[in-house]
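Fold and geometry: a report
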Amino acid sequence: MGATAKRVHITTFGCQMNEYDSGRLAGLLAELGYERAEAPQEADLILVNTCSVRQRAEHKVYSLVGALKELKQRRPGLIIGVGGCVAQQEGQKLLDQIPHLDLVFGTGALERLPELLEEAGRGHRRALVDLPAAPARQPLRAPARAGLKALVTVMEGCDNFCSYCVVPHVRGRERSRPAAEVIAEAAGLTQAGAREITLLGQNVNSYRDPGEGLDFPGLLKRLCGLPQLTRLTFTTSHPKDLSFRLMEALAGLDKVMKKLHLPAQSGSDRVLKAMGRGYTRRQYLDKVEGLRRLVPGVALGGDIIVGFPGESEEDFEQSLELLELAGYDFLYSFKYSDRPFTRASRLSGKLSEEVKAQRLARLHARQNQLVLELHRSLAGQVVQVLVEGPAKKGAGLLTGRCQAGRAVNFPGPPELAGGLARVRIEEGLVNSLRGRLLPA
Ligand code: 5AD
Ligand code: SF4
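First, a word on what this report is: a plain description of the structure on this page. All figures in this text were calculated on a predicted structure; none of them were measured in a lab. (Residues numbered from 1 in each chain as written. Chains lettered and ligands numbered in written order. Predicted model: local features only at pLDDT ≥ 70, side-chain atom pairs only at ≥ 80, totals over all residues. Heavy atoms only, no water.)

A count of helical and extended segments in the chain gives 14 helices and 19 strands. The C-alpha radius of gyration of the chain comes to 23 Å, within 12% of the 22 Å expected for a compact globule of 440 residues. Looking at the chain residue by residue over its 440 residues, the buried ones come to 51%. In the chain, of all internal contacts separated by at least 6 residues, the share reaching a separation of at least 24 is 71%. Each charge class in the chain can be summarised by its mean position, and for the 60 positive and 49 negative side chains these summaries are 2 Å apart. (Helix = DSSP H or I, 4+ residues; strand = E, 2+ residues; numbered from the N terminus. Rg over C-alpha atoms; globule rule 2.2 N^0.38 Å. Buried < 20%, exposed > 50% of the residue type's maximum accessible area, 1.4 Å probe, protein only. Contact = heavy atoms within 4.5 Å. Lys, Arg positive; Asp, Glu negative; His and termini not counted. Charge placed at Lys NZ, Arg CZ, Asp CG, Glu CD.)

Okay, here's the thing in structure tokens:
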């Protein structure tokens, strides 16, 4: 009998980009013979893929990795590594502060993990945090089986340097992957069973193939040619770069989901300026209007930061008002958080946690009212649902998403999972829609 395989446990914090990276890590480690461990206690290698976009996420990493100390003491052969944005930001500091940590790999060092592992095996602790200038990634070998939904990164990094944001500092400058590589990866995933693909990038609007110069709408069109693909969607779009061409692609390509994440960050011109976003409230709303004209029924998503340094009550009320004017289907909202290297962290006029928490609660309450109204107004519509499987709550209910990405629950047979169903919306709730199955 051969030796039992080594096992790896990966914990992922943060955005879909990190989820994607963790998938790559798992693939890379599978090639080195690692199997997946369900729990950290069963693992020979524990990796934590981290997020530093807000301070809370960073704290969570320190407490999680700190808590692994005991495990390491009991099993000295265990290797513990930290990757991702906190790794990039903190580098060697992490190794200095956490003595039981074996390796640190930054956002550009994913592919060099095998090298670090080998060194760690020899007792050499190291932090690798160089940011690559060009996309160094190989297409991910297609997994034998993929879930119904899969992620594909089309570009990494960001050149926008919004004044509050750590991303350009920890993920580096914008780099697009070659279209051929993106398409090959997506094709592999659909052959392995994926039906819906989400393309990822900090600002997909500025995607450009490094060779032939294909732009993002062009890439969408090519991907729609994959025969087994049912749905294609993408995130995130920077409002200043949202082009008419992209709106047209959203409207004209059947497989492209009718939803768009278009973070405004604030509804106040004064704050938008201090954030360095490159658009005014009017310009943002003009794009939203244009989009709604071209893509009727589109679901719009937004991000709002409350309590940016110097944000007055009036500024905040403008953000509240923006919710109404934009008509968001989904909203991610955050309390402003100081991040290292950023211009905003050096501004005066910081607000107390209490004020930020109150504003966030008011924003949530308003958005919940608005989205309930919006969802209720959808009653009677017939939508096409990509069925995911049985709903978590409610016996006999299936769950899936409509073409605009809204969660729809309806009674139906489990055999529908993985396919498309025609559903009439009967009731709108805050987080989902209830419907009835129609004959195909
Ligand atoms: N504080 C609070 N929220 C932030 N975001 C980015 N940086 C910060 C910060 N320093 C939010 C933005 C962005 C989302 C991913 O996280 O809204 O769109
Ligand atoms: Fe951060 Fe702005 Fe880039 Fe988004 S566009 S990743 S908020 S710097």
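Turning our eyes to something else, we now look at the site of ligand 1. Taken together, Val 53, Arg 54, Tyr 164, Gln 265, Asp 303, Ile 305, Phe 334, Lys 335, Tyr 336, Ser 337 and Arg 339 make up all the residues around ligand 1. At 2.5 Å, a side-chain N or O of Asp 303 approaches an oxygen atom of ligand 1. Protein coverage of the free-state accessible area of ligand 1, which is 400 Å², stands at 85%. Elements with a minimum of two residues in the shell around ligand 1: β13 (299-306) and β14 (330-335). (Near = heavy atom within 4 Å. Polar contact = N/O pair within 3.5 Å; in protein donor to acceptor, adjacent residues only side chain to side chain. Areas by Shrake-Rupley, 256 points an atom, 1.4 Å probe, with all protein chains shown as cover.)

Summarising burial for helix α9 (residues 216-224): 7 of the 9 residues are buried, a large majority. Residues of α9 that are buried: Phe 216, Pro 217, Gly 218, Leu 219, Leu 220, Leu 223 and Cys 224. In this structure, the buried residues of α9 make contact with α8 (179-191), β10 (196-200), β11 (231-235) and α10 (244-252). Where α9 begins, the side chain of Asp 215 points an oxygen toward the backbone nitrogen of Gly 218, at a separation of 3.0 Å.

Geometrically, a pair of aromatic rings is defined through the distance of the ring centres and the angle of the planes. One pass over the full model with this rule turns up 6 aromatic pairs. For the ring pair Tyr 164 and Phe 308, a centre distance of 6.5 Å and an interplane angle of 85° mean the geometry is edge-to-face. Residue Tyr 164 is found in the loop between β8 (155-156) and α7 (167-171), and its partner Phe 308 is found in the loop between β13 and α13 (313-326); the two are separated by 144 residues along the sequence. Overall, Tyr 164 belongs to the buried group, its relative accessible area being 10%. For Phe 308, a relative accessible area of 1% corresponds to the buried category. Counting every residue linked through ring pairs, the aromatic cluster contains Tyr 164, Phe 308 and Tyr 336. (Phe/Tyr/Trp six-rings, centres within 6.5 Å; stacked < 30°, edge-to-face > 60°.)

It is worth spelling out the environment of Leu 64 at this point. Tracing the chain through its elements places Leu 64 in helix α2 (residues 55-66). Owing to a relative accessible area of 30%, Leu 64 belongs among the partly exposed residues under this scheme. Taking C-alpha positions, Leu 64 is 39 Å from Gly 419, a pair spaced 355 residues apart along the chain. If we ignore the near neighbours within four places in the chain, the residues touching Leu 64 are Thr 11, Phe 13 and Val 48.

On to the site of ligand 2. Taken together, Cys 158, Asn 160, Phe 161, Cys 162, Tyr 164, Cys 165, Val 167, Pro 168, Gln 202, His 238 and Arg 277 make up the full set of residues near ligand 2. Grouping the amino acids of the shell around ligand 2 by side-chain chemistry returns 7 nonpolar, 3 polar and 1 charged. (Nonpolar A, V, L, I, M, F, W, Y, C, P; charged D, E, K, R; others polar.)

Our focus in this paragraph is the pairing of β11. Taken residue by residue, a regular strand's side chains alternate between the two faces of the sheet. Among the 5 residues in β11, 5 count as buried, and that is most of the element. Alternating positions in β11 separate into two faces, Arg 231, Thr 233 and Thr 235 on one and Leu 232 and Phe 234 on the other, with burial throughout. Pairing geometry for β10 and β11, over 5 bridges, is parallel. Each residue of the ladder has a partner; that of Thr 198, found in β11, is Thr 233. Handedness of the β10-α9-β11 crossover: right-handed. (Pairing = 2+ DSSP bridges. Right-handed = clockwise from strand over helix to strand, strands pointing away.)

Strand order in this closed barrel of 5 strands is β15-β16-β17-β19-β18, and the pairing throughout is mixed. Averaged over all adjacent pairs, the angle separating strand axes in this sheet is 50°, with direction ignored. Sheet analysis places strand β16 (residues 397-402) next to strand β17 (residues 407-411), joined by 5 bridges and oriented antiparallel. Bridge pairing in β17 links Thr 399 to Asn 409. (Axes fitted to C-alpha atoms, helices over the stretch in contact; angles between N-to-C directions.)

Our focus in this paragraph is α8. With 13 residues, α8 extends 18 Å between its outermost C-alpha atoms, agreeing within 8% with the 18 Å of an ideal straight helix rising 1.5 Å per residue. Counting buried positions along α8 gives 10 out of 13 residues, so the element sits mostly inside the fold. Buried within α8 we find Ala 179, Glu 181, Val 182, Ile 183, Glu 185, Ala 186, Ala 187, Gly 188, Leu 189 and Thr 190. Buried-residue contacts for α8 involve α1 (16-31), β7 (149-153), β10 and α9. A positive backbone phi angle near 115° is found at Gly 193, which sits one or two residues after α8. (Expected span 1.5 Å × (residues − 1).)

Contact geometry of α8 with α9 gives a least axis separation of 10 Å together with a crossing angle of 35°. Crossing handedness for the pair α8 and α9: right-handed. Contacts between α8 and α9 pair Ala 179, Val 182, Ile 183 and Ala 186 from the former with Leu 219, Arg 222 and Leu 223 from the latter. Taken together, the residues of the contact of α8 with α9 sort by class into 6 nonpolar, no polar and 1 charged. (Left-handed = near helix turned anticlockwise from the far one by under 90°.)

Our next topic: the side chain of Arg 406. Summarising the element assignment, Arg 406 is placed in the loop between β16 and β17. Those residues in contact with Arg 406 that sit more than four places away from it in its chain are Gly 297, Val 298, Ala 299, Asp 329, Leu 374, His 375, Leu 378, Gly 400, Arg 401 and Leu 433.

Below, the discussion takes up the sheet that holds β7. With respect to topology, 3 strands assemble into an open sheet ordered β7-β10-β11, the strand pairing being parallel. Bordering the open sheet on either side are β7 and β11, each of which pairs with just one other strand. Taken over all neighbouring pairs, the strand axes of this sheet differ in orientation by 25° on average, direction set aside. Two elements, β7 and β10, share 5 bridges in a ladder whose sense is parallel. Pairing of Leu 151 across the sheet is with Thr 198, part of β10. Against the sheet, α9 makes contact with β10 and β11, and its axis sits at roughly 155° relative to β11, the strand it touches most.

Keep in mind that these numbers describe shape and distance, not what the molecule does.
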